[in-house]
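Single-letter residue listing:
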Amino acid sequence: NVSVSDVLPPGMVPTKIEATTGICSGETTVLCNLGSLLAGDTVQIDVTVDTTGLPSPIVTNTATATVSGTTDPDLTNNTSTATADLTGTSSCPVE
């Protein structure tokens, strides 16, 4: 079973959370339970947020995948971080 955790930067409030597989929810931390995935499978998770409360338009966001019930042969691809200047924009992709 694969899960993804994304602790949102302070001031970000999720308004919509969608994934191509699994179930996601959360307020300050987005948690997605994706179920079983095979090697090479991909899942897209889209989190739409209200940024009205951001203390700064420059944000860093990190998402981390974890596996339970089996051994992950490649731990190097389980975390992704993106830093973005959201001044005048509406997205901060984390791939």
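Look above for the structure.
Residues numbered from 1 in each chain as written. Predicted model: local features only at pLDDT ≥ 70, side-chain atom pairs only at ≥ 80, totals over all residues. Heavy atoms only, no water.

Enquirer: It is not clear to me how the overall build of the protein should be interpreted in this structure. Could you clarify?
Expert: Across its full length, the protein carries 0 helices and 7 strands. Order of helices (α) and strands (β) in the protein, N terminus to C terminus: β-β-β-β-β-β-β. A compact globule built from 95 residues would reach a C-alpha radius of gyration of about 12 Å, and the protein, at 14 Å, matches this within 12%. Projected onto the principal axes, the alpha-carbon positions of the protein cover approximately 40 × 25 × 15 Å. Partitioning the contacts of the protein with sequence separation of at least 6, the portion at a separation of at least 24 is 62%. (Helix = DSSP H or I, 4+ residues; strand = E, 2+ residues; numbered from the N terminus. Rg over C-alpha atoms; globule rule 2.2 N^0.38 Å. Contact = heavy atoms within 4.5 Å.)

Enquirer: Help me understand the side chain of Asn78, please; the structure alone is not making it clear to me.
Expert: Within the secondary structure, Asn78 sits in the loop between strand 6 (58-67) and strand 7 (79-85). You can call Asn78 buried: its relative accessible area is 13%. Side-chain polar atoms of Asn78 contact the side chain of Asp72, separated by 2.8 Å. The residues touching Asn78, leaving out its near neighbours within four places in the chain, are Ala63, Thr64, Ala65 and Asp72. (Buried < 20%, exposed > 50% of the residue type's maximum accessible area, 1.4 Å probe, protein only. Polar contact = N/O pair within 3.5 Å; in protein donor to acceptor, adjacent residues only side chain to side chain.)

Enquirer: What exactly am I supposed to notice about the environment of Leu8 here?
Expert: If you trace the backbone, Leu8 turns up in the loop between strand 1 (2-7) and strand 2 (13-19). The buried category is assigned to Leu8, whose relative accessible area is 9%. Taking C-alpha positions, Leu8 is 5.6 Å from Thr28, a pair spaced 20 residues apart along the chain.

Enquirer: Any chance you could explain the sheet that holds strand 7 here in plain terms?
Expert: Sheets are built from strands that pair by backbone hydrogen bonding, the pairs being arranged parallel or antiparallel. Reading across from one edge, 3-4-1-6-7 is the order of the 5 strands in this open sheet, with antiparallel pairing throughout. The sheet is open, and its two edges are formed by strand 3 (23-26) and strand 7, each paired on a single side. Strand-to-strand, the axes of this sheet are offset by a mean angle of 15 degrees, without reference to chain direction. With 7 bridges connecting them, strand 6 and strand 7 associate as antiparallel partners. Across the sheet, Ala63 pairs through a bridge with Ser80, a residue of strand 7. (Pairing = 2+ DSSP bridges. Axes fitted to C-alpha atoms, helices over the stretch in contact; angles between N-to-C directions.)

Enquirer: Even after reading the chapter, I still don't get the environment of Leu86, so can you show me in this structure?
Expert: Along the chain, Leu86 falls in the segment after strand 7. Measuring from C-alpha to C-alpha, the distance between Leu86 and Leu54 comes to 9.9 Å, with 32 residues separating the pair along the chain.

Enquirer: Can you help me understand the nonpolar core in this one?
Expert: Within soluble globular proteins, side chains that are nonpolar tend to cluster in buried spots. Within the largest apolar cluster, 13 residues are counted, with the highest numbers of intra-cluster contacts made by Val4, Met12, Cys32, Leu34, Leu54, Val59 and Leu86. Examining the composition of this core, we find that 3 residues originate from one element, strand 4 (residues 29-35), more than from any other. If sequence neighbours within four positions are ignored, Val4 has contacts with Val30, Leu31, Cys32, Leu34, Ile45, Ala63, Thr64 and Ala65. (Core = buried A, V, L, I, M, F, W, Y, C linked by side-chain atoms within 4.5 Å.)

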